[in-house]
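Structural overview
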Amino acid sequence: MNPADVALVVMGGLPATGKTTLSRLLAGRLRAVHVRVDTIEQAIVRSGLAEHPIGPAGYVVAYALAEDHLRQGLTVVAESVNPLAVTRDAWREVGVRAGVPVTEVEVVCSDQDEHRRRAESRRLDIPGLRPPSWREIVERAYEPWARAHVTIDTAGRGPEESAGELLRVLGRG
């Protein structure tokens, strides 16, 4: 990959909006590393060192892994709920330290009925991780985004269509 093509794509959004599916598709198309905070957090829990919620540890590990990969010349798709300005700022700082462009993406599902159906019917692929209930999703602390970012609405669309839109926005489609 051309060093000029190395980038950090930060994917955020509430659970069950399609972040993981979209992040995996994007990472595959870009030949990028997919760093998923849920995977890191559940590995920490399985180690016996912590229980859910584990606090900032999963994010801190993800920041370090992403920065290492970026410094190796690999594009990173970093996926987490990313609900707070402080976590969004921390991801941006990872890109700044690594000297790569950062694109922040908020994945939403604007159709509340569809979002709820997804939340209530999904099966997680991380052993032992319990998906949040619909109530937990809608009551979750989630700060509005205060700076320019890309919004991808997955409502009524297939994953390929959403991925295609995101690739076009990134100038890679």
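If you add up the space inside the largest pocket, you get close to 1,200 Å³. Listed by contribution, the elements that provide at least two residues to the lining of the largest pocket are α1 (19-30), α2 (37-46), α3 (57-71), α4 (85-98) and α7 (159-169). The dominant element in the lining of the largest pocket, judged by the number of residues it contributes, is α1, at 5 residues. Residue composition of the lining of the largest pocket, grouped by class: 20 nonpolar, 11 polar and 14 charged.

At a minimum axis distance of 9 Å, the contact between α3 and α4 shows a crossing angle of 25°. Accordingly, the angle class assigned to the pair α3 and α4 is roughly parallel. In the packing of α3 onto α4, the handedness of the crossing is right-handed. Of the residues in α4, those in contact with Y59, A62, Y63, A66, E67, L70 and R71 of α3 are T87, A90, W91, V94, R97 and A98. Of the residues assigned to the contact of α3 with α4, the class counts are 9 nonpolar, 1 polar and 3 charged.

This part takes up the pattern of salt bridges. A full pass over the atoms with the stated rule returns 14 salt bridges. Here E160 makes a salt bridge to R29, at a shortest N to O gap of 2.2 Å. Taken together, the positions of E160 in helix α7 and R29 in helix α1 put the pair 131 residues apart, joining distant regions of the chain. Residue classification places E160 among the partly exposed residues on the basis of a relative accessible area of 47%. Residue R29 is classed as partly exposed on the basis of its relative accessible area, which comes to 42%. Residue E114 is joined to R118 by a salt bridge in which the shortest nitrogen-to-oxygen separation is 2.6 Å. Here E114 pairs with R118, and both are found in helix α5 (residues 112-121), just 4 residues apart, close to one helical turn.

Turning to unusual backbone geometry, a few remarks are in order. Residue P53 is bonded to the preceding H52 through a cis peptide linkage, with omega at -10°. The residue P53 is located in the loop between α2 and α3 in this model. Although it is not a glycine, A16 sits at a positive phi angle of roughly 75°. For A16, the location among the structural elements is in the loop between β1 (8-12) and α1. Phi is positive for N82, which is not a glycine, with a value near 55°. With respect to the helices and strands, N82 occurs in the loop between β3 (76-79) and α4.

Each value, and the rule that gives it
The written sequence of each chain sets the order in which its residues are numbered from 1. Predicted model: local features are reported for residues with pLDDT of at least 70 only, side-chain atom pairs are reported and counted for 80 or more only, and whole-chain, interface and lining totals are derived from all residues. Side-chain measures here rest on the full set of heavy atoms in the structure, leaving out hydrogens and waters. In this analysis, the protein atoms alone were mapped onto a 1 Å grid. Cavities are point sets where a 1.4 Å probe fits without being able to get out; pockets are open sets with protein on both sides within 12 Å along at least five of seven lines; lining residues have an atom within 4 Å of a point. Grid points are joined across faces, edges and corners, and a volume is the space filled by probe spheres set on the points. The numbering of helices and of strands both runs from the N terminus, where a helix is a DSSP run of H or I of at least 4 residues and a strand a run of E of at least 2. Here the term charged refers only to Asp, Glu, Lys and Arg, the term nonpolar to Ala, Val, Leu, Ile, Met, Phe, Trp, Tyr, Cys and Pro, and the term polar to all other amino acids, Gly among them. Whenever a helix is involved, its axis is fitted only over the stretch in contact; in every case the axis is a line through C-alpha atoms, and angles between N-to-C directions fall within 0 to 180 degrees. Angle categories: roughly parallel below 35 degrees, roughly antiparallel above 145, roughly perpendicular from 65 to 115, and oblique for all the rest. By definition, any crossing whose near helix is turned counterclockwise from its far helix by less than a right angle is left-handed, and any crossing with a clockwise turn is right-handed. Should any heavy atoms of two residues lie within 4.5 Å, those residues are counted as being in contact. Salt bridge criterion: a side-chain nitrogen from Lys or Arg within 4 Å of a carboxyl oxygen from Asp or Glu. Between buried and exposed lies partly exposed: a residue is buried under 20% and exposed over 50% of the maximum accessible area for its type, with that area taken using a 1.4 Å probe on protein chains only.

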